[in-house]
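Spelled out from the first residue to the last, the chains are:
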Amino acid sequence: MELLTIILLIIIGILAFLLLKKEKVLGIKTDENKTEEQVKVIESKDYRKNIYDLLNYIPEGIIILDKSKKIIFSNNSANNWFQIKLNENISGYLRNPDLLISIDKAFDGKKVTDFEIEIRNQAVLRLNITIYLDQNNLFFDENSCFLFIRDLTEFYKFQQLKSDFVANVSHELRTPLQSIKMGLETFENNPDIKQNSEANNLLPIMISQSERMENLIRDLLSLSKIELQEHIRPTHEIDLVELIDYVIKTYEKILSKNKIKLIFNKIDNCKIIGDRDKLIEIFTNLIDNSIKYSDKNKEIIITAKKDGDLVIISVADQGIGIPKESIHRITERFFTVDPSKSRSVGGTGLGLAIVKHLVSQHRAEMNINSIENQGTTIDIKFNSL
Ligand code: ATP
Ligand code: MG
């Protein structure tokens, strides 16, 4: 998406450059006697029209708004989706209140994230919208705002197929696996079988492997469900400090067993809009990793802080760290830096893939910093309430 936006911006930049420097670049000489007003008319009618014509060939939808959110221009793709009439307010076509607020924010020069919305015309469409403020007034005499719209309907159909497949296979595997596990546990408790040294050696391995497989199937099911819900925005008011306190409590025993000290630096009023269960899953995964990949007598420091409109939660450990070349891969599903180490601590490499999707569902941002043999810090930046 970002690449596409950059390409569009480059095209627009080049066209604007030609528009501004037309005398030199195109060899067109502006009549010295013409008033500034007349030059503006030439620019607005001819050159702007050429640019608008070109934008009509771009398969992505482009809508340009003036400061009152009236539509100044919409290209062919956008017209196909929305049957737009110029000079009408965008709210008549895209009624999503969050999108309208973001457009206002963009006009105020604030950074806004991409939007995904669903519209129901003749068919259901899933659209991704990038908002960009034309601060240099390249297209209009005052600031105008661009909406770059990409149709992701086919992509989501494919995602749905993939998720359904994974969910069905996982579900079908679950039942026979449960029977196998139950059978193994029955054998394990049978004194006759326990007397057989071979069975005695093999049974614990078979049980632990079937538990691993059970965890894997649970994580796969959870990941496919999360992927499908990623575009649904959470709606509840959540105090992150209270929620993290709750997660830490569930780890008290494991922390003391591993002789790891956990420090939580809190602040007041740490509220965001979120989904409680999913936020619990995010911090459970992060704390779980910090414990799994730290040695005894180390510390984990969780810090909550505010920075403008953001609430930032950092989870920092003094563990084994992640090699530089692997940092960008650790949110990939099934990726583990050292598979034998992960296996020995019960990891399947799905935890951070799940976290990545949940963070994105909260429109939050995750940054990972790590130094091998020194530790890892993961920051998550949420929009505060
Ligand atoms: P799962 O979370 O599914 O039980 P996992 O912990 O192996 O398994 P992820 O949480 O996705 O999987 O992490 C992926 C990999 O990233 C880990 O296997 C580990 O190599 C590395 N990693 C993640 N967090 C840390 C950390 N805090 N310190 C060092 N390495 C880490
Ligand atoms: Mg993990």
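Fair warning: this is a prediction, and the values are worked out from it, not measured in the lab.

Would you mind going over the site of ligand 1 with me for this structure?
Near ligand 1 there are 25 residues, and of these T336, V337, G347, G351 and L352 occur at the shortest range. If you tally residues by element for the shell around ligand 1, the top one is helix α11 (residues 276-292), at 4 residues. Taken together, the residues that form the shell around ligand 1 break down as 9 nonpolar, 12 polar and 4 charged.

Mind showing me how you'd approach helix α8 (residues 197-229) here?
What sets the pattern is the α-helix's 3.6 residues per turn: residues three or four places apart point alike. The end-to-end C-alpha distance of α8 is 49 Å, a good match for the 48 Å that 33 residues give at a rise of 1.5 Å each. Those residues of α8 that sit buried are I217, L220, L223, S224 and I226. Residues of α8 that are buried make contact with α6 (153-188) and α13 (351-361).

Would you take a moment to explain the sheet that holds strand β12 (residues 375-383) for this structure?
Sheet architecture is open: 5 strands sit in the order β7-β9-β10-β12-β11, paired in mixed fashion. Only two strands of the sheet have a single neighbouring strand rather than two, namely β7 (261-265) and β11 (365-371). Taken over all neighbouring pairs, the strand axes of this sheet differ in orientation by 15° on average, direction set aside. Where β11 lies against β12, 7 bridges are found, and the strand directions are antiparallel. In the strand pairing of β12, E365 is matched with K381. Sheet strands touched by α11: β9 (299-307), β10 (310-317) and β12. Its angle to β10, the strand with the most contacts, is close to 20°.

Where do I start with the pairing of β10 in this structure?
Remark: a regular strand shows side chains that alternate across the two faces of the sheet. Taking every second residue as pointing to the same face, the buried face of β10 carries V311, I313, V315 and D317, while none of L310, I312, S314 and A316 on the other face is buried. Of the pairings in the sheet, the one linking β9 to β10 comprises 8 bridges and is antiparallel in character. Its bridge partner being in β10, T303 is matched across the sheet by S314. Counting the residues between successive antiparallel strands, the hairpin from β9 to β10 contains 2 residues, one of them, G308, with a positive phi of roughly 60°.

For this particular structure, what's the right way to read the sheet that holds strand β3 (residues 115-120)?
Working definition: the strands of a sheet are paired by backbone hydrogen bonds and lie parallel or antiparallel to each other. Taken in spatial order, the 5 strands of this open sheet run β2-β1-β5-β4-β3, and their pairing is antiparallel. Unpaired on one side and paired on the other, β2 (71-74) and β3 mark the two borders of the sheet. Across this sheet, the average inter-strand angle for adjacent strands is 30°, counted without regard to direction. Relative to strand β5 (residues 144-151), strand β1 (residues 61-65) is paired through 5 bridges, and the arrangement is antiparallel. When the sheet's bridge partners are listed, I63 is paired in β5 with L147. Where helix α5 (residues 97-107) meets the sheet, its contacts fall on β1, β3, β4 (124-134) and β5, and the angle it forms with β4 comes to roughly 15°.

Help me out: how do you make sense of the confidence of the model for the chain in this one?
When pLDDT is low, close inspection of the predicted coordinates is not appropriate. Residue-level pLDDT values for the chain average 86, and 87% of them are 70 or greater. Ignoring residues within four places in sequence, the model shows residues 22-32, a span with pLDDT below 50, making 8 contacts including any to other chains.

Explain the environment of L221 here, please?
Within the secondary structure layout, L221 lies in helix α8. We classify L221 as partly exposed; it has 18 C-beta atoms within 10 Å. With 55 residues separating them in the primary sequence, L221 and V166 have C-alpha atoms 7.1 Å apart.

Criteria and cut-off values
Residues numbered from 1 in each chain as written. Chains lettered and ligands numbered in written order. Predicted model: local features only at pLDDT ≥ 70, side-chain atom pairs only at ≥ 80, totals over all residues. Near = placed C-beta within 6 Å. Helix = DSSP H or I, 4+ residues; strand = E, 2+ residues; numbered from the N terminus. Nonpolar A, V, L, I, M, F, W, Y, C, P; charged D, E, K, R; others polar. Expected span 1.5 Å × (residues − 1). Buried ≥ 20, exposed ≤ 12 C-beta atoms within 10 Å, placed from the backbone. Contact = placed C-beta atoms within 7 Å. Pairing = 2+ DSSP bridges. Axes fitted to C-alpha atoms, helices over the stretch in contact; angles between N-to-C directions. pLDDT = per-residue confidence, 0-100.

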